[in-house]
Amino acid sequence: MTMPEAASRPPRRTYLSGPSLACDLTWILWVALKPEWRDNHPLASQILGQRDDVVDRIRTFWADVGPGICFTEVQILAHHAGALGETSPTALWAALESAVPTVPTDLALESESAEDRAVFLQRLERLKSSPTLVRSYLDLLREVWDLVDAVWQAARPRLEEAGRRVVRQLEAGRGLGELVGENCEAFMSWLPDINARIESGQPLLVVPCLFFGKSLYLEFPGLTLVGAGFERNDAEARARTEALARRLKTLADPTRLALLHYLAVTPSTVGDLATGFGLAQPTVSVHAKSLRESGLVRAERQDGRLRLRADPEALENLLEELRGVVVQAGAEVTAADESPLQAPVRR
């Protein structure tokens, strides 16, 4: 190979993808700031709805520096710390804290409006000047993420697989616009610039997010980030239905279902059930334990004997959840899309 030939070779395209705790955290914070978005993000809304006090702290934390504007500085700090792909909360908090003293406050942030850029850089300046504010900031992030960590970690394998699938498709020649969605006018308007950066050798990071509805495009020094959410029939649906599936699995055993049916009419002891059903008492005890752990049966001590009875409220809640998952989801079904990601739109 001659030197001119080497010089004329186009830069290698670099595609990266995977889950990002920082990106999903930022979206949770953004939904908290936008009550009007709640209906479009049922999983995030359900979780945030349990803690109005946390939502209030999110809304007032930056009351004097861009109130109502998203917490993009989280992603700026994570990028500066090399932690955009971090999935451990403990590791991310440490990375964010270590990034504060050295993060630049003159970043171009070309994907942001001039007004939003000024807000994010001002917030970084405030954090750099106040260790007390940094501690309060990290405490808030920890408290918010504690609400969603179990759900997100359970969905993480699906997010990782979606990331691998995106990289394979990009490397096979599928266009970013085709993968992320050609029906988004805002994203398509940015796409020529994004593609030019990719062609010049700048890495592209596509982040499949659990809590996203749609929306994320950020330009960092040396990295283009596009975040996009799963469709409802993928990770979000799985996370929303895990607890329901466990209870349904309990009832999939015909003996347990028969015992539950009997207990709905006749509260009984384990001994009574063993006699009535012709089962060994240890066998009935195992079934009763499963039904109690699922919340469908409760135990009450009467006259020194532990009686089991079906919990009608728990049964009704189970039926309502199942109805919501199956009937409501069926009403929301839209045409299937081959892409594993939804199109981003501008915040």
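Predicted model, so just to flag it, every value in this text is computed and none were measured. (Residues numbered from 1 in each chain as written. Predicted model: local features only at pLDDT ≥ 70, side-chain atom pairs only at ≥ 80, totals over all residues. Heavy atoms only, no water.)

Novice: Can you tell me about the overall build of the protein, naming the residues and giving the values?
Specialist: Scanning the protein from terminus to terminus reveals 15 helices and six strands. When each of the 347 residues of the protein is scored for burial, the buried share is 44%. Split by element, the accessible area of the protein, about 17200 Å² in all, is 51% carbon and sulfur. (Helix = DSSP H or I, 4+ residues; strand = E, 2+ residues; numbered from the N terminus. Buried < 20%, exposed > 50% of the residue type's maximum accessible area, 1.4 Å probe, protein only. Areas by Shrake-Rupley, 256 points an atom, 1.4 Å probe, with all protein chains shown as cover.)

Novice: I'd like a description of the nonpolar core, backed by residues and values.
Specialist: Nonpolar side chains in soluble globular proteins tend to end up buried together. L25, I58, F71, L96, L141, F211 and L225 are the most contacted members of the largest nonpolar core, which has 67 residues in total. Ranked by residues supplied to this core, first place goes to helix 8 (residues 131–171) with 12 residues. Contact partners of I58, with chain neighbours within four places excluded, come to L29, A32, L33, F71, L140 and V144. If you look at the next biggest cluster of nonpolar residues, it comprises 17 residues, including V270, L296, V297 and L308. (Core = buried A, V, L, I, M, F, W, Y, C linked by side-chain atoms within 4.5 Å. Contact = heavy atoms within 4.5 Å.)

Novice: Could you give me a rundown of the pattern of salt bridges, with the residues and numbers involved?
Specialist: Across all of its chains, the model carries 20 salt bridges by this definition. Between R57 and E143 there is a salt bridge, with the nearest N and O atoms lying 2.6 Å from each other. Here R57, found in helix 4 (residues 52–61), pairs with E143, found in helix 8; they are 86 residues apart in sequence, far enough to count as distant. We classify R57 as partly exposed; its relative accessible area is 33%. A relative accessible area of 24% places E143 in the partly exposed class. Across the salt bridge formed by R197 and D193, the nearest N and O atoms sit 3.0 Å from each other. On the criterion of helical spacing, the pair formed by R197 and D193 is a turn pair, its members being four residues apart in helix 10 (residues 185–199). Accessibility expressed as a relative area gives 37% for D193, which makes it partly exposed. Three or more residues joined by partner-sharing salt bridges are found here, namely R51, D53, R57 and E143. (Salt bridge = Lys/Arg side-chain N within 4 Å of Asp/Glu carboxyl O.)

Novice: Summarise empty space enclosed by the protein; cite the residues concerned and give the values.
Specialist: Tallying each qualifying case throughout the model produces two cavities of 30 Å³ or more. Estimates place the volume of the second largest cavity at around 30 Å³. Looking at the second largest cavity, the residues that line it are L33, I58, R59, W62, G66, P67, G68, I69, F71 and R123. Residues of the lining of the second largest cavity, tallied by class, amount to six nonpolar, two polar and two charged. (1 Å grid on protein atoms, 1.4 Å probe; cavity = no way out; pocket = protein on both sides within 12 Å on 5 of 7 lines; lining within 4 Å. Points joined across faces, edges and corners; volume = space filled by probe spheres on them. Nonpolar A, V, L, I, M, F, W, Y, C, P; charged D, E, K, R; others polar.)

Novice: Help me get a handle on the pairing of strand 5 (residues 297–302), residues and values and all.
Specialist: Alignment of strand 5 against strand 6 (residues 305–310), held across six bridges, turns out to be antiparallel. Across the sheet, residue A299 finds its bridge partner in strand 6, namely L308. Between the end of strand 5 and the start of strand 6, which pair antiparallel, lie two residues, with D303 showing a positive phi angle near 55 degrees. (Pairing = 2+ DSSP bridges.)

Novice: For unusual backbone geometry, give the residues involved together with the corresponding values.
Specialist: Peptide bonds are, in most cases, trans, and in most cases residues other than glycine have a negative phi. The phi dihedral of L109 falls on the positive side, at around 45 degrees, and the residue is not glycine. Turning to its location among the elements, L109 is positioned in the loop between helix 6 (89–99) and helix 7 (114–129). Residue class for L109 comes out buried when judged on its relative accessible area of 5%. The residue D303 is not glycine, and still its phi comes out positive at about 55 degrees. Along the chain, the position of D303 falls in the loop between strand 5 and strand 6. Overall, the relative accessible area of 81% leaves D303 in the exposed class.

Novice: Please give an account of the packing of helix 5 (residues 73–80) against helix 7 that cites residues and values.
Specialist: Relative to each other, helix 5 and helix 7 sit at 65 degrees, their axes nearing to 10 Å. By the angle class used here, helix 5 and helix 7 are roughly perpendicular. Taken as a pair, helix 5 and helix 7 cross one another with a handedness that is right-handed. Seen from helix 5, the contacting residues are E73, I76 and L77; seen from helix 7, they are F120, R123, L124 and L127. Grouping the constituent residues of the contact of helix 5 with helix 7 by class yields five nonpolar, no polar and two charged. (Axes fitted to C-alpha atoms, helices over the stretch in contact; angles between N-to-C directions. Parallel < 35°, antiparallel > 145°, perpendicular 65-115°, else oblique. Left-handed = near helix turned anticlockwise from the far one by under 90°.)

Novice: Any details on the sheet that holds strand 4 (residues 223–229)? Residues and values, ideally.
Specialist: Ordered by their spatial adjacency, four strands build an open sheet running 1-2-4-3, and the pairing between neighbours is mixed. Every other strand in the sheet has two partners, leaving strand 1 (15–17) and strand 3 (217–220) as the edge strands with one partner each. Shown here is a sheet whose adjacent strand axes are inclined to one another by a mean of 20 degrees, direction ignored. Here six bridges tie strand 2 (residues 204–209) to strand 4, and the two strands are oriented parallel to one another. Directly across from V207, in strand 4, lies its bridge partner G227. Strand contacts of helix 10: strand 1, strand 2, strand 3 and strand 4, with the helix running at about 30 degrees to strand 3, the strand carrying the most contacts.

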